[in-house]
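Tertiary structure, described
Chain residues, written in single-letter form:
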Amino acid sequence: LEQELAASGGAFPETVTVTLWGLDAIKTRGESVAIVLALVGARVVLDGLGKVGRFELIPLSELGRPRVDVLCSMSGIFRDSFANVVDLLDDLFQRAAAADEPEEMNFVRKHALALAEERGMPVQAAAARLFSNPAGDYGSMVNERVGQGNWGSSEELGDTWAGRNAFSYGRGGEKGVARPEVLGSLLQSTRRVVQEIDSVEYGLTDIQEYYANTGAIKAAAEGAQGGRRVGLSVVEATGQGDQRPKELEDVLRLEYRTKLLNPKWAKTMVAMGSGGAYEVSTRMTAAIGWGGTAKFAEDFVFDQADEVYVQDEEMAAKLRRSNPSAFRNVVGRLIEASGRGLWDADPERLERLREIYQDVEDELEGVTQ
């Protein structure tokens, strides 16, 4: 909230999107759910056995600020593993939408009533806030499109995510009901996305699912708002160092410098042989993914990647020898970054990369001179 207040000149965000992932929830004992409760203004109520009975709305007089609406983006694992939490959250949102409170102090109610009137739908349906893939299905398909190079714009990637995640979950029969109009409305009012990271081993640049979901949510929200920038906060719940939320761009810069572009990290990976080369290759694909979804395009990433993995002849030879397909992908992603406007590379450098790519391609295809 402080990040968005500072960015907006003092206005509270009306909607924040929070990602709910299964393993993250297990490892942090539900911190991502706690983020949702804090934004809405709610607390846990225990039953007689000491178990969570429900989530109770904190009175506005005690909360001292508006209730922020929350779009909960659930992974398939969270959806399937924590059905009881899904029901509790749905109950919370329904009660927030029905609360006798001023709309300017309760954005859940404000948005649900407005959408219900606009669409002629029940307020209960308009208050759906927990979205995921269709029942029994998993993944946004955004990483598949990035991996295949089958995309033309950030908006396309955002639309792919939205199409795959327009299914509502909650109590009763709300088990994967298609509600694209509700999702679209929430994306239009989203001012910030929140992603929690629960591990010091794997970060945003290491795993394809981060850009394919969190980055794609940002792209979907910005697309729904005609290109208006949407912030993205990263909460590093590792129990180490500064726990305050960080801006996406700052986290990406730090991760690139400490991992992919760090000569010590690079040498360690390459020394692992084929598997290490594969790890380098996937991170180069992820760099394209973050450029495509979050529009993170800073020349130093691709400049230094080229210097570390291609221009360094010894490093390039090791990569090529241990895993020529991975090396081809590294070179290909550099060329792709330039073609997509993510990297301002000079013509001579690009021509050299194209020659190397063709040479590796010929080798893999068994073409002899």
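Summary of the structure given here. (Residues numbered from 1 in each chain as written. Predicted model: local features only at pLDDT ≥ 70, side-chain atom pairs only at ≥ 80, totals over all residues. Heavy atoms only, no water.)

1. Comments concerning the overall build of the protein chain
A tally of regular secondary structure across the protein chain gives 19 helices and 10 strands. A compact globule built from 369 residues would reach a C-alpha radius of gyration of about 21 Å, and the protein chain, at 23 Å, matches this within 12%. By its C-alpha atoms, the protein chain is 75 × 40 × 40 Å across when sized along the principal axes. For the protein chain, the proportion of its 369 residues judged to be buried stands at 54%. Expressed as a percentage of contacts within the protein chain between residues at least 6 apart in sequence, the contacts between residues at least 24 apart total 71%. A total accessible area of about 16,100 Å² is found for the protein chain, and carbon and sulfur atoms account for 50% of it. Treating the 41 positive side-chain charges of the protein chain as one cloud and the 58 negative ones as another, the clouds have centres 4 Å apart. (Helix = DSSP H or I, 4+ residues; strand = E, 2+ residues; numbered from the N terminus. Rg over C-alpha atoms; globule rule 2.2 N^0.38 Å. Buried < 20%, exposed > 50% of the residue type's maximum accessible area, 1.4 Å probe, protein only. Contact = heavy atoms within 4.5 Å. Areas by Shrake-Rupley, 256 points an atom, 1.4 Å probe, with all protein chains shown as cover. Lys, Arg positive; Asp, Glu negative; His and termini not counted. Charge placed at Lys NZ, Arg CZ, Asp CG, Glu CD.)

2. With respect to the sheet that holds strand β1 (residues 15-20)
The strand order β7-β6-β5-β4-β1-β8-β9-β10 describes an open sheet built from 8 strands, whose pairing is mixed. Because the sheet does not close on itself, it has two edges, and the strands there are β7 (175-178) and β10 (246-247). Bridge analysis of strand β5 (residues 130-132) against strand β6 (residues 167-169) gives 2 bridges, and the strand direction is antiparallel. From the neighbouring strand, serine 132 faces β6, where its bridge partner is phenylalanine 167. Sitting on the sheet, helix α3 (residues 31-40) touches β1, β4 (69-74), β8 (190-197) and β9 (231-236), and the angle it makes with β1 is about 165°. (Pairing = 2+ DSSP bridges. Axes fitted to C-alpha atoms, helices over the stretch in contact; angles between N-to-C directions.)

3. With respect to the nonpolar core
Ranked by size, the top nonpolar core spans 110 residues in total, and within it Leu89, Tyr256, Phe302 and Tyr309 carry the most contacts. Residue contacts for phenylalanine 302: discarding those within four places in its chain leaves Met284, Ala287, Ile288, Leu334, Ala337, Leu342 and Trp343. (Core = buried A, V, L, I, M, F, W, Y, C linked by side-chain atoms within 4.5 Å.)

4. Describing the packing of helix α16 (residues 299-311) against helix α17 (residues 313-322)
Interhelical geometry of α16 versus α17 gives an angle of 70° and a closest axis separation of 6 Å. Viewed along their axes, α16 and α17 adopt a mutual orientation that is roughly perpendicular. Facing α16, whose interface residues are Val308, Tyr309, Val310 and Gln311, α17 presents Glu313, Met315, Ala316 and Leu319. Of the residues in the contact of α16 with α17, the class split is 6 nonpolar, 1 polar and 1 charged. (Parallel < 35°, antiparallel > 145°, perpendicular 65-115°, else oblique. Nonpolar A, V, L, I, M, F, W, Y, C, P; charged D, E, K, R; others polar.)

5. A few points about the side chain of aspartate 306
Position of aspartate 306 among the secondary structure elements: in helix α16. Taking relative accessible area as the criterion, aspartate 306 reaches 1% and is therefore assigned buried. If sequence neighbours within four positions are ignored, aspartate 306 has contacts with Gln311, Leu334, Trp343, Arg349 and Leu353.

6. So, the pattern of salt bridges
What the rule picks out here adds up to 36 salt bridges. As a salt-bridge pair, arginine 79 and aspartate 80 come within 2.8 Å of each other at their nearest N and O atoms. For aspartate 80, a relative accessible area of 41% puts it in the partly exposed group. One salt-bridge network, in which partners are shared between bridges, spans Glu4, Arg191, Arg192 and Glu247. (Salt bridge = Lys/Arg side-chain N within 4 Å of Asp/Glu carboxyl O.)

7. Comments concerning the packing of α16 against helix α18 (residues 324-339)
At a closest axis distance of 11 Å, the pairing of α16 and α18 adopts a crossing angle of 155°. Viewed along their axes, α16 and α18 adopt a mutual orientation that is roughly antiparallel. In the crossing of α16 with α18, the sense of the turn from one axis to the other is left-handed. In contact with Phe302, Ala305, Asp306, Tyr309 and Val310 of α16, α18 contributes Phe327, Val330, Val331, Leu334 and Ala337. Residues belonging to the contact of α16 with α18 are distributed by class as follows: 9 nonpolar, no polar and 1 charged. (Left-handed = near helix turned anticlockwise from the far one by under 90°.)

8. A word on the packing of aromatic side chains
One pass over the full model with this rule turns up 4 aromatic pairs. Ring geometry for tryptophan 21 versus tyrosine 210: centroids 5.0 Å apart, planes at 20°, classification stacked. Of this pair, tryptophan 21 sits in the loop between β1 and α2 (22-27) while tyrosine 210 sits in helix α12 (residues 208-224), placing them 189 residues apart in sequence. There is no split in this pair, since tryptophan 21 and tyrosine 210 are both buried. Across the ring face of tyrosine 138, the terminal group of arginine 79 is positioned such that the distance to the ring centre comes to 5.0 Å. (Phe/Tyr/Trp six-rings, centres within 6.5 Å; stacked < 30°, edge-to-face > 60°. Lys NZ or Arg CZ within 6 Å of the ring centre and 35° of its normal.)

9. A closer look at helix α19 (residues 347-365)
The end-to-end C-alpha separation of α19 is 27 Å, in line with the 27 Å expected for 19 residues at 1.5 Å each. What α19 keeps buried is the set Arg349, Leu350, Leu353, Ile356, Val360 and Asp362. Looking at the packing, one finds that the buried side of α19 touches α16, α17 and α18. The N-cap of α19, judged by a side-chain oxygen 3.2 Å from the amide nitrogen of glutamate 348 a few residues on, is aspartate 346. In the segment just after α19, glycine 366 is the residue with positive phi, at about 75°. (Expected span 1.5 Å × (residues − 1). Polar contact = N/O pair within 3.5 Å; in protein donor to acceptor, adjacent residues only side chain to side chain.)

10. Some points on unusual backbone geometry
If you check the backbone angles, methionine 141 has positive phi at about 70° while not being a glycine. The residue methionine 141 is located in the loop between β5 and α9 (142-148) in this model.

11. Structural notes on the environment of arginine 164
Considering the arrangement of structural elements, one finds arginine 164 in helix α10 (residues 154-164). As a C-alpha pair, arginine 164 and alanine 127 span 37 residues in sequence and 20 Å in three-dimensional space. When sequence neighbours within four positions are dropped, the list of residues in contact with arginine 164 reads Ser132, Asn133, Pro134, Asp137, Tyr138, Gly139, Ser140 and Met141. Among the polar contacts made by the side chain of arginine 164, one reaches the side chain of aspartate 137 at a distance of 3.0 Å.

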